[in-house]
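Residues per chain, in single letters:
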Amino acid sequence: MRKLILLLLPVFTYAQSYNSALYLHNTMRDYYNLQPLVVSEELNIIAQEKALNFADKDKIEHDDSDYGESVYYTDEILISEDYYSKATIAWTIDSDIESLQQILCDCKNIGLALSYKNNKVYVVAIYDKIY
C-alpha cells in the first residue's frame with residue numbers, strides 16, 4: 001500500500017487550485033480600494049478553452065473578445081509549484097498590461113484555468129471586462 005501512495009503523491013501535489021490566484025488578485029485590488037473579484041464558472045470554462053487551445057497550438061494568440069485576458073506560460077515544470085500564484089505574481093510584476101487588467105478594471109468576475117502540454121504550463125485569467 002505504501003508504494004501505491006508514494007506513486008500517487010506527485011499526481012496529487014500537481015493538482016492546482018485557483019484559490020491562491022483569486023486571493024492574490026483580491027489582495028491587490030483591496031490595496032487600490034477595488035471590489036473583490038468573484039469566480040465565474042462561465043469564465044472558468046472560457047479560460048479553460050483558451051488554456052487548452054494555447055497548449056495545443058504551443059502558441060499564445062489573443063482574440064478580439066469583450067473579455068479581459070491575462071496569460072502566463074512557463075517551461076519550468078515543478079510538481080509542487082503553484083502555477084496560479086506564480087502567474088498572478090508575474091502579471092503583477094512583469095507586465096504592465098496584465099497588471100492594469102487586474103487593478104484598473106471595474107471587473108466583478110474572473111475565470112481561471114491551467115493547461116499542461118509539451119512540457120509547458122499555460123495559465124489563463126479571463127475577466128468580465130477589458131480595462
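Residues numbered from 1 in each chain as written. Predicted model: local features only at pLDDT ≥ 70, side-chain atom pairs only at ≥ 80, totals over all residues. Heavy atoms only, no water.

Topic: the overall build of the protein chain
Thought 1: Each helix and strand counted, the protein chain has five helices and four strands in total.
Thought 2: Reading the protein chain from its N end, one meets helices and strands in the order α-α-β-α-β-α-α-β-β.
Thought 3: Counting only contacts in the protein chain whose residues sit at least 6 apart along the sequence, the fraction spanning at least 24 positions is 73%.
Thought 4: Split by element, the accessible area of the protein chain, about 8,000 Å² in all, is 56% carbon and sulfur. (Helix = DSSP H or I, 4+ residues; strand = E, 2+ residues; numbered from the N terminus. Contact = heavy atoms within 4.5 Å. Areas by Shrake-Rupley, 256 points an atom, 1.4 Å probe, with all protein chains shown as cover.)

Here we look at the sheet that holds strand S1 (residues 38-39)
Thought 1: An order of S1-S3-S4-S2 is seen for the four strands of this open sheet, with the pairing classed as mixed. Looking at the sheet topology across the chains shown, the edges are occupied by S1 and strand S2 (68-74).
Thought 2: With respect to the sheet, helix H2 (residues 19-31) is in contact with S1, strand S3 (109-117) and strand S4 (120-127), its orientation differing from that of S3 by roughly 140°. (Pairing = 2+ DSSP bridges. Axes fitted to C-alpha atoms, helices over the stretch in contact; angles between N-to-C directions.)

Overview of the confidence of the model for the protein chain
A low pLDDT means the predicted coordinates there should not be read in detail.
Thought 1: For the protein chain, per-residue confidence averages 81 on the pLDDT scale, and residues scoring 70 or more make up 79% of the total.
Thought 2: The low-confidence segment residues 1-15 (pLDDT under 50) makes eight contacts with residues lying over four places distant or belonging to another chain. (pLDDT = per-residue confidence, 0-100.)

Re the pairing of S4
Thought 1: In terms of burial, S4 is largely enclosed, as eight of its eight residues are buried.
Thought 2: Side-chain alternation along S4 places Lys120, Tyr122, Val124 and Ile126 on one buried face and Val121, Val123, Ala125 and Tyr127 on a second face that is also buried.
Thought 3: Judged from the seven bridges that link them, S2 and S4 form a sheet pairing that is antiparallel. From the neighbouring strand, serine 70 faces S4, where its bridge partner is alanine 125.
Thought 4: Summarising the sheet, S3 and S4 pair through eight bridges and their orientation is antiparallel. Opposite alanine 113, over in S4, you have valine 124 as the bridge partner. (Buried < 20%, exposed > 50% of the residue type's maximum accessible area, 1.4 Å probe, protein only.)

Thoughts on the pattern of salt bridges
Thought 1: In total, this model carries nine salt bridges according to the counting rule given.
Thought 2: The closest approach of N and O atoms between glutamate 69 and lysine 50, which form a salt bridge, is 3.0 Å. Here glutamate 69, found in strand S2, pairs with lysine 50, found in helix H3 (residues 41-57); they are 19 residues apart in sequence, far enough to count as distant.
Thought 3: Ionic pairing is found between lysine 129 and aspartate 106, a salt bridge with its closest N-O pair at 3.6 Å. Of this pair, lysine 129 sits in the segment after S4 while aspartate 106 sits in the loop between helix H5 (96-104) and S3, and the two are 23 residues apart along the sequence.
Thought 4: Because the salt bridges share partners, they merge into one network encompassing Lys50, Asp63 and Glu69. (Salt bridge = Lys/Arg side-chain N within 4 Å of Asp/Glu carboxyl O.)

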